[in-house]
Amino acid sequence: MVGDVVPLWTFGLACLLAAVVGEALEAGGIRMPALQRKEVRIAVALVGVVALVLGLVAFRSGHSSNDSGPAPSPSASLLPPPAVSTTAPAPVPSPTPTTTPLTNTPTPTPTLLPPTPTTVAVRWQGTLVLDGDALETGWALDPVPPSREPAGDLGLSCLLTCDADELAGNALVAWTGSGLPSREQCRDLLNTQLGNRQLDVQTGSVGCAGTQEQRIARFKVLSANGGRFSLSVTVWQLPPD
């Protein structure tokens, strides 16, 4: 664009100089003849002014085109900008705080339940015979089955002769309640009463005995005939630790 404007400006300036000087001259490669007549000089001056104005207009037009930047390529595909949603997201309701009213509710007193009784298995149950004439004077109740001993956990009360109405043992206590006592009842009886080494008995008598190894036994006199006794005996295991 500047290459097109410079010749116009050069021609315009040459016309103005020729009109002012009136003599032949050469400016910018342009040769101007001598201008003697006033009317010719005025016309040449006007032509010079027009050339300068046209050059200025052309220069400003080219400058404006450069500022606007190059035109976009026709092959370029202009995609529309992505649509922006103008819908605001639905507000999430905040949970309504719940307040528990304070009440003067008294703290419940814990109820103490009685301990659950521990079930202890029967170690041995059967019939034992005590006979002084046959030298069957005692039984150790800890072995299974019980074993004979001269004076065991349950036996005859003998000195020179054996008593016909008395039993002997480590700890013997008579049961005076109804029926047959349970292990727990025998345990409580042996713990609350002082166990005897001898105990008077007769047919139908019931009692509790403690063994050498701390087991609990129950006995019932089935028959008592002189120095001979038949006993129904139950021995329980030791309770778990």
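Before reading further, recall that the structure is shown in the block above.
Because the structure is predicted, anything quoted here is derived from the model rather than measured.

1. Describing the side chain of Thr-234
Structurally, Thr-234 is set in strand E11 (residues 228-236). Owing to a relative accessible area of 3%, Thr-234 belongs among the buried residues under this scheme. At 3.1 Å, the side chain of Thr-234 and the side chain of Gln-125 are in polar contact. Other than its neighbours up to four places away in sequence, Thr-234 contacts Val-122, Trp-124, Gln-125, Ile-216, Ala-217 and Arg-218.

2. What about a nonpolar patch on the surface?
A contiguous nonpolar surface patch, about 240 Å² in accessible area, is contributed by Val-49, Val-53 and Val-57. Along the polypeptide, Val-49 turns up in helix H2 (residues 38-67).

3. Brief notes about the state of the cysteines
Counted under the stated rule, the structure contains two disulfides. Through a disulfide, Cys-186 is tied to Cys-208; the S-S separation comes to 2.0 Å. Negative torsions about the S-S bond denote left-handed disulfides, and the value of about -65 degrees found for Cys-186 with Cys-208 makes this one left-handed. With Cys-186 in helix H3 (residues 183-192) and Cys-208 in strand E9 (residues 206-210), the pair connects residues that are 22 residues apart, well separated along the chain. In this structure Cys-208 comes out as buried when scored by relative accessible area, which is 0%. Sequential numbering of the bridged cysteines in the chain gives the disulfide pattern 1-2, 3-4.

4. Some points on H3
Along H3, the positions that sit buried rather than exposed are Arg-183, Cys-186, Leu-189 and Leu-190. Seen along its axis, H3 keeps its buried residues to an arc of 125 degrees; they face one direction. Exposed and facing more than 90 degrees away from the buried side of H3 are Asn-191 and Thr-192. On the buried face of H3, the contacting elements are strand E7 (162-174), E9, strand E10 (216-225) and E11.

What counts and what doesn't
- Residues numbered from 1 in each chain as written.
- Predicted model: local features only at pLDDT ≥ 70, side-chain atom pairs only at ≥ 80, totals over all residues.
- Heavy atoms only, no water.
- Helix = DSSP H or I, 4+ residues; strand = E, 2+ residues; numbered from the N terminus.
- Buried < 20%, exposed > 50% of the residue type's maximum accessible area, 1.4 Å probe, protein only.
- Polar contact = N/O pair within 3.5 Å; in protein donor to acceptor, adjacent residues only side chain to side chain.
- Contact = heavy atoms within 4.5 Å.
- Patch = residues over 30% accessible without salt bridge, like charges linked within 9 Å, V, L, I, M, F, W, Y side chains within 5 Å.
- Areas by Shrake-Rupley, 256 points an atom, 1.4 Å probe, with all protein chains shown as cover.
- Salt bridge = Lys/Arg side-chain N within 4 Å of Asp/Glu carboxyl O.
- Disulfide = S-S within 2.5 Å.
- Arc of directions from axis to C-beta.

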